[in-house]
Amino acid sequence: MKRNSPIGILAVNNLGLCVVVQLGLAFGMAGLLWPDKLMPFFEILMFPWAASRRAIRANGIAAIGLSLLLLVRRLAVHP
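Below you will find a few notes about this structure. A quick note: this is a predicted structure, and the numbers were derived from the prediction, not measured.

This part covers the overall build of the protein. Each helix and strand in the protein was counted, giving three helices and zero strands. Each helix and strand of the protein, ordered N terminal to C terminal, gives the series α-α-α. Residue burial in the protein is summarised as follows: out of 79 residues, 23% are buried. Of the contacts made within the protein by residues no fewer than 6 positions apart, 60% connect residues no fewer than 24 positions apart. A total accessible area of about 6300 Å² is found for the protein, and carbon and sulfur atoms account for 73% of it.

What follows is the structure in structure tokens.
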């Protein structure tokens, strides 16, 4: 017997969105608090351009902003 459960599908979609929000917040806060420790990663990630503390901080702020937007979307669509 097959069961079609839309509840399970919604739970998996919510889980994925929550994981993305948490990862964005974690990398955003790490970029703001420890830009020197993330410098080697950004040198690889931004290969043709030089990684600077300013670029890492801007990316951290953008990651936090994106996480907040995704959180608002999650709360608005799935109350």
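Every buried residue of helix H2 (residues 35–45) is listed here: Pro35, Leu38, Met39 and Phe42. Taken end-on, H2 shows its buried residues confined to a sector of 140°, consistent with a single buried face. Away from its buried face, by an angle of more than 90 degrees, H2 presents the exposed residues Lys37 and Ile44.

Let us look at a nonpolar patch on the surface. Together, Leu15, Val19, Leu23 and Phe27 line one region of the surface with nonpolar side chains, adding up to about 400 Å² of accessible area. Note on placement: Val19 falls in helix H1 (residues 6–33).

Within the secondary structure layout, Leu25 lies in helix H1. When its relative accessible area of 29% is taken as the criterion, Leu25 is described as partly exposed. For the pair Leu25 and Leu66, spaced 41 residues apart in the sequence, the C-alpha separation amounts to 8.7 Å. Not counting residues up to four positions away in its chain, the partners in contact with Leu25 are Ile64 and Ser67.

So, about helix H3 (residues 53–77). Between its first and last C-alpha, H3 extends 36 Å over 25 residues, near the 36 Å set by a 1.5 Å rise per residue. Those residues of H3 lying buried are Ile56, Gly60, Ala63, Ile64, Ser67 and Leu70.

What counts, and at which threshold
Residues numbered from 1 in each chain as written. Predicted model: local features only at pLDDT ≥ 70, side-chain atom pairs only at ≥ 80, totals over all residues. Heavy atoms only, no water. Helix = DSSP H or I, 4+ residues; strand = E, 2+ residues; numbered from the N terminus. Buried < 20%, exposed > 50% of the residue type's maximum accessible area, 1.4 Å probe, protein only. Contact = heavy atoms within 4.5 Å. Areas by Shrake-Rupley, 256 points an atom, 1.4 Å probe, with all protein chains shown as cover. Arc of directions from axis to C-beta. Patch = residues over 30% accessible without salt bridge, like charges linked within 9 Å, V, L, I, M, F, W, Y side chains within 5 Å. Salt bridge = Lys/Arg side-chain N within 4 Å of Asp/Glu carboxyl O. Expected span 1.5 Å × (residues − 1).

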